[in-house]
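Chains, contacts and geometry: an overview
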Amino acid sequence: MIKDIEKKASEKMNKTIESLTNDLATLKAGRANPKMLDRIYADYYGTQTPIAQMAVIASPEPRLLTVTPWDASTLKAIEKAILASDLGINPTNDGKCIRLLVPVLTEERRKELVKQVSKTGEESKVALRNIRRSAMDEMKKAEKDKLITEDELKLGEKNLQKVTDDFIKKVDEILKVKEKEIMTV
């Protein structure tokens, strides 16, 4: 019973870490990364569709992204979606593809990005703690329903705390790497 609760909590925590890495990958850190466009949706025949499903996104140079749509008629919609996004990059349309030149980061923008990374990391830590809390509540309910003993509850809580601490360390490591990347680009 306790092992099942711990396993479920651990799986949820792994998903939180995956979500954090995906969120951080979409941040513009002075280097062109096709994941930067993952959160941008364009109108495709009346449906909001991710750009990655409408076009080939490539990074031929460290600071350049090219977006080549499969359907040339969607070029304007993709360009409009990029302009409306929070990327802060002006697309260049040559009629066949869109080019996005990622500007060099200023010191001020680097500091903003580091703050954003820290905020995202803190949100992930809160999510991990919420997962821990709900798992502990589940364990306490099992103990109250006489499915586990008080000793098993204490051991389960101790193990769950250790797992949570390990995941929080992972978050800190991921944040440290991303902050270093932002400051050195």
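Preceding this section is the structure that the text describes.
Residues numbered from 1 in each chain as written. Predicted model: local features only at pLDDT ≥ 70, side-chain atom pairs only at ≥ 80, totals over all residues. Heavy atoms only, no water.

Looking only at helices and strands, the chain has four helices and six strands in total. Starting at the N terminus and ending at the C terminus, the chain contains elements arranged as α-β-β-β-β-α-β-β-α-α. Seen through its C-alpha atoms, the chain measures out along the principal axes to roughly 70 × 40 × 25 Å. Among the 185 residues that make up the chain, the fraction classed as buried is 39%. (Helix = DSSP H or I, 4+ residues; strand = E, 2+ residues; numbered from the N terminus. Buried < 20%, exposed > 50% of the residue type's maximum accessible area, 1.4 Å probe, protein only.)

The relative placement of two packed helices comes down to the angle between their axes together with the axis-to-axis distance. For the pair helix α3 (residues 107-144) and helix α4 (residues 150-184), interaxial distance at closest approach is 10 Å and the crossing angle is 170°. On the basis of the axis angle, α3 is roughly antiparallel to α4. Looking at the contact of α3 with α4, its residues break down into 15 nonpolar, seven polar and 12 charged. (Axes fitted to C-alpha atoms, helices over the stretch in contact; angles between N-to-C directions. Parallel < 35°, antiparallel > 145°, perpendicular 65-115°, else oblique. Nonpolar A, V, L, I, M, F, W, Y, C, P; charged D, E, K, R; others polar.)

A separate point is the packing of aromatic side chains. Counting across every chain of the model gives one aromatic pair. Ring plane angle 65° and centroid distance 4.9 Å describe the contact between Y44 and Y45, whose orientation is recorded as edge-to-face. (Phe/Tyr/Trp six-rings, centres within 6.5 Å; stacked < 30°, edge-to-face > 60°.)

The residue K125 is located in helix α3 in this model. If near-sequence neighbours (up to four positions away) are discounted, K125 is found in contact with I168, V171 and D172. (Contact = heavy atoms within 4.5 Å.)

On to unusual backbone geometry, then. One non-glycine residue, Y45, lies in the positive phi region at around 55°. Along the chain, Y45 turns up in the loop between β1 (41-44) and β2 (47-50). A positive phi is found at K146, a non-glycine position, where the angle reads about 65°. Within the secondary structure layout, K146 lies in the loop between α3 and α4. Judged by relative accessible area, K146 falls into the exposed class, the value being 72%.

Within the fold, T47 resides in strand β2. A C-alpha to C-alpha distance of 32 Å links T47 and K119, two positions 72 residues apart in sequence.

Right, let's talk about the environment of R109 for a bit. Tracing the sequence through the fold places R109 in helix α3. Given a relative accessible area of 25%, R109 falls into the partly exposed group. Note: C-alpha distance between R109 and I182 (73 residues apart in sequence) is 9.6 Å.

To continue, consider the nonpolar core. When a protein is soluble and globular, its nonpolar side chains tend to lie buried together. L24, V117, L128, M139, L160, V171 and I182 are the most contacted members of the largest nonpolar core, which has 26 residues in total. Residue assignment for this core shows that the elements contributing at least two residues are α1 (2-25), α3 and α4. The element best represented in this core is α3, accounting for nine residues. Discounting chain neighbours no more than four positions away, the residues touching L128 are M13, T16, T164, F167, I168 and V171. Grouped together as the second largest cluster of nonpolar side chains are 20 residues, M36, I40, A42 and V102 included. (Core = buried A, V, L, I, M, F, W, Y, C linked by side-chain atoms within 4.5 Å.)

This part takes up the pairing of β2. Two strands pair when backbone bridges link them, and β1 and β2 are joined in this way by four bridges, in the antiparallel orientation. In the strand pairing of β2, D43 is matched with Q48. Counting the residues between successive antiparallel strands, the hairpin from β1 to β2 contains two residues, one of them, Y45, with a positive phi of roughly 55°. (Pairing = 2+ DSSP bridges.)

Don't take any of this as a statement about function, it's just geometry.
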